[in-house]
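Each chain, written out:
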Amino acid sequence: MAMTAVARETVFALRRQIAKIEGTLPERLAAPAAASLDADVNTDLTIVRRGIAAALPDAFLPIGVERLDAALSGGLPKAALSEIHGSETRDAGAVAGFALSLTSLILKQTPGLPVLWIGTSEIFREAGFPYARGLHASFGIGPEQLLFTEAPKLVDALWVAEEAARMTALAAVILEVRGNPQRLDLTATRRLHARAQAAGRPVFLLRQAAEPEPTAAPVRLIVASAPAVPRDTIAGPLAGSIGRPAFTLTIGKSRTALPGQFTLEWNPDERAFDERWGDERRGEARDRAKNPVPVVSLSGCGTDPAPASGAVLAFPAVGSPISPAARDQPSRPQRTAHLGPRRAG
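Note on numbering: residues in each chain are counted from 1, in written sequence order. Confidence filtering applies because this is a predicted model: local features only for residues at pLDDT of at least 70, side-chain atom pairs given and counted only at 80 or more, and all residues used for totals across whole chains, interfaces and linings. To obtain the side-chain values, all non-hydrogen atoms of the structure were used and water was disregarded.

## Overview of the sheet that holds strand S7 (residues 146–151)
To keep it simple, the criterion reads: Here a strand pair is declared whenever DSSP counts at least two bridges between the two strands. Runs of E in the DSSP output that reach at least two residues are strands. Runs of H or I that reach at least four are helices, and both are numbered from the N terminus. Between N-to-C directions, angles cover 0 to 180 degrees, with each direction set by a line fitted to C-alpha atoms, over the stretch in contact for helices. Contact between two residues is taken to exist if any of their heavy atoms lie within 4.5 Å; hydrogens are not considered.
The mixed open sheet is built from nine strands, whose spatial order is S7-S6-S8-S9-S5-S10-S13-S14-S15. Looking at strand neighbours, the two that pair on one side only are S7 and strand S15 (272–275), the edges of this open sheet. Going across the sheet, the axis of each strand differs from the next one's by a mean of 25°, ignoring polarity. Here strand S6 (residues 115–120) pairs with S7 via six bridges, running parallel. Residue pairing across strands places Ile 118 opposite Thr 149, the latter belonging to S7. Running at roughly 130° to strand S5 (residues 81–86), helix H8 (residues 186–199) makes contact with S5, strand S8 (172–178) and strand S9 (203–208) of the sheet.

Listed below in structure tokens is the structure:
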């Protein structure tokens, strides 16, 4: 019994230490006293599920997908470190694309501020840089709004990230790292999280080809590419076409949500996410094909459209009469020599 009590006390001590590292002390469960005393202060507080902390409604970045935002109790925390993982190297493009989608959502709320993307020489050689034209066309991000810092070593990249995380002149900070380096431990992520909380700005930690490990980030999202569906048209899915970019998103860790998986599509025209519901979208397209709606009405003063012409053939069918214009064409022996086939040898 004594050993059981000692083990239980050790577990409780470890839990208290983890809560202290993550900044989730019990006194944060209560709403700020100033909010109840000052009538001008907005007292509509959103209490995070599973009883960790109290936060204002604008403390989260809504992703725009109702089920996902509800699972995350409002979205990703703005003033915090958030992890975006790619399990394999081939997912580097999907992870970067998802981070750029979040950056587009952030710049809608903080227009005019730049975003700093930090990485090591190793990760930039492996995954490359975003394409400037694609930034503007797909995410509405101007090339001058996305700044890059290439560090020779991880220790240099961490130093730049810590200094940038405290700056309110940046809309967000992105740190891209490959694998599970030893220097990116609990202490380093705790420092990044504390700087993000102090500045009120998000810091995204992109971990390419990495395994999940303990960090101070309250949210960890695992991102992979999802197959694109055909483009939707009025008549239905366009066969052989490629639709919007899609992501498979898995909640790996969250203080407010249980693990879950979602398939999201990024709409580059509206700069927003949509959730894909299996074959539901294809069913909606089939319904539109069965019940077509006229897109453009006929002219009020015009007549009905002319009937469609018959089949147009490049050569007359066998047995059909030859038109006078075709009779005037020279036969093959009568053609000039320079129009004949050339020999290769």
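There is more to say after this.
## So, the packing of helix H7 (residues 154–165) against H8
Formally: Working definition: roughly parallel below 35 degrees, roughly antiparallel above 145 degrees, roughly perpendicular at 65 to 115 degrees, and oblique for all remaining angles. Whether a crossing is left-handed or right-handed is set by the direction in which the near helix is turned from the far one by less than a right angle, anticlockwise for left-handed and clockwise for right-handed. Residue type decides the class: Asp, Glu, Lys and Arg count as charged, Ala, Val, Leu, Ile, Met, Phe, Trp, Tyr, Cys and Pro as nonpolar, and the leftover types, Gly among them, as polar.
Where H7 meets H8, the closest approach of the two axes is 8 Å, and the angle between their N-to-C directions is 20°. Relative to H8, the element H7 lies roughly parallel. As H7 packs across H8, the resulting crossing turns out to be left-handed. Facing Leu 158, Ala 161, Glu 162, Glu 163 and Ala 165 of H7, the residues of H8 in contact are Ala 188, Arg 191, Leu 192, Arg 195, Ala 196 and Ala 199. Along the lines of polarity and charge, the residues of the contact of H7 with H8 split into seven nonpolar, no polar and four charged.

## Thoughts on helix H4 (residues 92–109)
Put simply, the test is: To estimate the expected span of a helix, subtract one from its residue number and multiply by 1.5 Å. To sort residues, take the accessible area from a 1.4 Å probe on protein chains only and compare it with the maximum for the residue type: under 20% means buried, over 50% means exposed, and anything in between is partly exposed.
End to end, H4 covers 26 Å across 18 residues, agreeing with the expected 26 Å (1.5 Å per residue, within 8%). By the criterion of burial, H4 is predominantly enclosed, with 15 of the 18 residues buried.

## Some points on the pairing of S9
Among the six residues that make up S9, six are buried, leaving the element largely enclosed by the rest of the structure. Taking every second residue as pointing to the same face, both faces of S9 are buried, with Val 203, Leu 205 and Arg 207 on one and Phe 204, Leu 206 and Gln 208 on the other. Strand direction decides the pairing type here: S5 and S9, joined by six bridges, are parallel. Each residue of the ladder has a partner; that of Ile 84, found in S9, is Leu 206. Here S8 pairs with S9 via six bridges, running parallel.

## Observations concerning the nonpolar core
Side chains of nonpolar character tend, in soluble globular proteins, to be buried together. Formally: In this description, a nonpolar core means a group of buried Ala, Val, Leu, Ile, Met, Phe, Trp, Tyr and Cys residues linked to one another through side-chain atoms lying within 4.5 Å.
In terms of nonpolar packing, the biggest core is built from 42 residues, with Leu 68, Ile 84, Phe 98, Phe 204, Leu 264 and Phe 273 touching the most fellow members. Ranked by residue count, the leading element in this core is H4, at 10 residues. Residues in contact with Leu 264, not counting those within four places in the same chain, are Ile 63, Val 65, Leu 68, Phe 98, Pro 245, Ala 246, Phe 247, Leu 249, Phe 273, Asp 274 and Glu 275. In this structure, Leu 116, Ala 151, Val 173 and Ala 217 belong to the second largest nonpolar core, which totals 22 residues.

## Some remarks on the side chain of Gln 208
Selection criterion: Here a polar contact is taken to be a pair of N or O atoms separated by no more than 3.5 Å, where protein atoms must pair a possible hydrogen donor with a possible acceptor and residues adjacent in sequence count only if both atoms sit in side chains.
Topologically, Gln 208 is positioned in strand S9. Here Gln 208 falls in the buried class, since its relative accessible area comes to 1%. Engagement of the side chain of Gln 208 in a polar contact is seen with the side chain of Glu 176, the distance being 2.9 Å. What Gln 208 contacts, discounting residues up to four positions off in sequence, is Gly 86, Asp 91, Ala 92, Val 95, Ala 96, Ile 123, Glu 176, Val 177, Arg 178 and Gly 179.

## A look at the packing of aromatic side chains
To be explicit about the condition: Any two of the Phe, Tyr and Trp rings considered here, Trp counted by its six-membered ring, make a pair once their centres fall within 6.5 Å; the pair's planes then place it as stacked at under 30 degrees, edge-to-face at over 60, or tilted in between.
Within the structure shown, the criterion is met by nine aromatic pairs. Ring centres of Phe 129 and Phe 148 lie 5.4 Å apart, and the angle between their planes is 80°; this geometry places the pair in the edge-to-face category. Here Phe 148 lies in strand S7 and Phe 129 lies in the loop between helix H5 (121–127) and helix H6 (132–139), a separation of 19 residues in the sequence. Seen in terms of ring centroids, Phe 247 and Phe 273 are 6.4 Å apart; in terms of plane orientation they differ by 70°. Their pairing is edge-to-face. A residue pair is termed long-range when its members are at least 10 positions apart, and Phe 247 in strand S13 (residues 246–254) and Phe 273 in strand S15 qualify at 26 residues.

## Concerning the side chain of Asn 267
Residue placement: Asn 267 occurs in strand S14 (residues 261–267). A polar contact of 3.0 Å, which involves the side chain of Asn 267, links it to the backbone nitrogen of Asp 269. Of note is the side chain of Asn 267, whose polar atom sits 3.3 Å from the backbone nitrogen of Glu 270. Non-local contacts of Asn 267, meaning those with residues more than four positions away in its chain, are made with Arg 244, Ala 272 and Asp 274.

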